[in-house]
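Fold and geometry: a report
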Amino acid sequence: MQNTTQQLNDTLISKSLTTADYVPTLDAMLTRTLARIDLKKQQGLRTPDELWIVDHNDVYTLGQAGKEEHILQRTNTPIIKTDRGGQVTWHGHGQLVIYWLFDLNSLGWSVRNLVSHAEQAIEDVINDCLQNPASSDTTAISAHARRDAPGVYLYADTSLADDSDNTDTLANSTSVDDKIMLGKMASLGFKIKHGFSYHGIALNLNCDLSAFNAINPCGYAGMQMLRLSDFVAMQKESDEQTGEALSYAQVTQKLIDNIAKRHAGLIELRALAPK
């Protein structure tokens, strides 16, 4: 596991972990959070918040109140009980995981603010990527959060979409106003301890989605999971940087930059998604 650290601003740093096993990463994240809590309580110190950008080895994680019934099939991939919110999900290569180790009280954020900033940062980045010139026509597709189910989902605008395309997909999806849900691209689950957050978000970039077939993703039976590379031109990991296709690293940097601006108060929350 490789570990690199970068200073994003005076009160925020990022740490990158590659080929990371889940349990040691969770242990390190909890240890760091407890140390920060202690420093604030005992010495009144505000320590820099941290973003952990993690490339996990394949794992299924089951949230604190997770139900075993949402695990449909046992595979060789380990299943780890963890202390975040939410049900069961999968992490692995080709998926971007970012853990938010934030002092919410110092930021003046509520838990709802944290969740909304996370969802809106993902929305911003996905929608920006959908405008990539090298991508196929995605003008009728956009990313949105839902109040009734945390995460970020792709929707097709039925007033713009070609009725001859995606008919079968749209017929089996959930409609919101004039938009029809295609599926879920990003999940989130946090844990708050004494005003400090940890755990975070997972965005499917170019991962193998078949791993989700063994579970009800986030506890939703039949939830269609999506990945960015099926909608946006993305390079394969072995490719050199050529043309306008996006790389995994570019998408990662877009998301880090957006989160850092929100952390610094440079991007305000939009109105919440309707229930």
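Just so you know, these numbers come straight off a predicted model, no measurement behind them.

1. Observations regarding the packing of aromatic side chains
Enumeration over the complete set of coordinates arrives at 4 aromatic pairs. Taking 6.1 Å as the distance between ring centres and 90 degrees as the angle between the ring planes, the aromatic pair formed by tryptophan 100 and phenylalanine 190 counts as edge-to-face. You can see tryptophan 100 sitting in strand β7 (residues 95–101) and its partner phenylalanine 190 sitting in strand β11 (residues 179–193), a full 90 residues away along the chain. Side by side, tryptophan 100 and phenylalanine 190 carry an identical accessibility label, which is buried. Aromatic ring contacts, followed pair by pair, group Trp100, Phe102, Trp109 and Phe190 into a single cluster.

2. A few points about the sheet that holds strand β5 (residues 79–81)
With mixed pairing, the 3 strands of this open sheet are ordered in space as β5-β4-β6. What marks the edges here is a single partner per strand, and that holds for β5 and β6 (88–91). Each neighbouring strand pair of the sheet contributes to a mean axis angle of 30 degrees, computed without reference to strand direction. Relative to β6, strand β4 (residues 59–62) is paired through 4 bridges, and the arrangement is antiparallel.

3. Remarks on the confidence of the model for the chain
With 88% of its residues at a pLDDT of at least 70, the chain reaches an overall mean of 90. Of the regions scoring below 50 in pLDDT, residues 163–173 engages in 8 contacts with residues more than four places distant in sequence or in other chains.

4. A short note on the layout of surface pockets
Volume-wise, the second largest pocket comes out at about 330 Å³. Taken together, 24 residues form the lining of the second largest pocket, with Arg84, Gly85, Gly86, Leu188 and Gly189 sitting closest to its centre. Elements supplying a minimum of two residues to the lining of the second largest pocket: β6, β7, β11 and β12 (196–204). A total of 5 residues in the lining of the second largest pocket trace back to one element, the largest contributor, which is β11. Partitioned by chemical class, the residues of the lining of the second largest pocket number 11 nonpolar, 11 polar and 2 charged.

5. Quick word on the environment of alanine 186
Structurally, alanine 186 is set in strand β11. Put simply, alanine 186 and isoleucine 122 are 64 residues apart on the chain and 7.7 Å apart in space, counted from C-alpha to C-alpha. Excluding its chain neighbours within four sequence positions, the residues that come into contact with alanine 186 are Ile122, Gly151, Val152, Ala202 and Leu203.

Cut-offs used in this document
Residues numbered from 1 in each chain as written. Predicted model: local features only at pLDDT ≥ 70, side-chain atom pairs only at ≥ 80, totals over all residues. Heavy atoms only, no water. Phe/Tyr/Trp six-rings, centres within 6.5 Å; stacked < 30°, edge-to-face > 60°. Helix = DSSP H or I, 4+ residues; strand = E, 2+ residues; numbered from the N terminus. Buried < 20%, exposed > 50% of the residue type's maximum accessible area, 1.4 Å probe, protein only. Pairing = 2+ DSSP bridges. Axes fitted to C-alpha atoms, helices over the stretch in contact; angles between N-to-C directions. pLDDT = per-residue confidence, 0-100. Contact = heavy atoms within 4.5 Å. 1 Å grid on protein atoms, 1.4 Å probe; cavity = no way out; pocket = protein on both sides within 12 Å on 5 of 7 lines; lining within 4 Å. Points joined across faces, edges and corners; volume = space filled by probe spheres on them. Nonpolar A, V, L, I, M, F, W, Y, C, P; charged D, E, K, R; others polar.

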